Amino acid sequence: MARAQINEDRTSELCSVQKAHRMVPEALSEKEYQTLLDMIDRRYDERIRCYENGEKDWEFRIATTVLISGRKV
């Protein structure tokens, strides 16, 4: 289950980067973009390696939630 969660986090991060790249493709060169994707993969590969070796690691995320409500008049 832990490995699945780590890979879910990887997928989420990769999807965010891919979405940003689609929105502003000129922000990074193709080489920079691929390097960023590779760095993310290496990070999560390392997290899995640490988990499998029993090394303890703490991570946390901060998420912003925006709620909007209204009434049509």
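Quick caveat, the model's predicted, so the values are computed rather than measured. (Residues numbered from 1 in each chain as written. Predicted model: local features only at pLDDT ≥ 70, side-chain atom pairs only at ≥ 80, totals over all residues. Heavy atoms only, no water.)

Peer 1: Could you give an account of the pattern of salt bridges, with specific residues and numbers?
Peer 2: Tallied over the full model, the rule gives seven salt bridges. In this structure, Arg 49 and Glu 46 form a salt bridge, with 2.6 Å as the shortest nitrogen-oxygen distance. With Arg 49 and Glu 46 both in helix 2 (residues 30–52) and three residues apart, this pair spans about one turn of that helix. For Arg 49, a relative accessible area of 35% translates into the label partly exposed. By relative accessible area, which is 37% here, Glu 46 ends up partly exposed. Notably, a salt bridge pairs Glu 55 with Arg 49, separated by 3.4 Å at the nearest N-O pair. According to the relative accessible area criterion, Glu 55 is partly exposed, its value standing at 39%. (Salt bridge = Lys/Arg side-chain N within 4 Å of Asp/Glu carboxyl O. Helix = DSSP H or I, 4+ residues; strand = E, 2+ residues; numbered from the N terminus. Buried < 20%, exposed > 50% of the residue type's maximum accessible area, 1.4 Å probe, protein only.)

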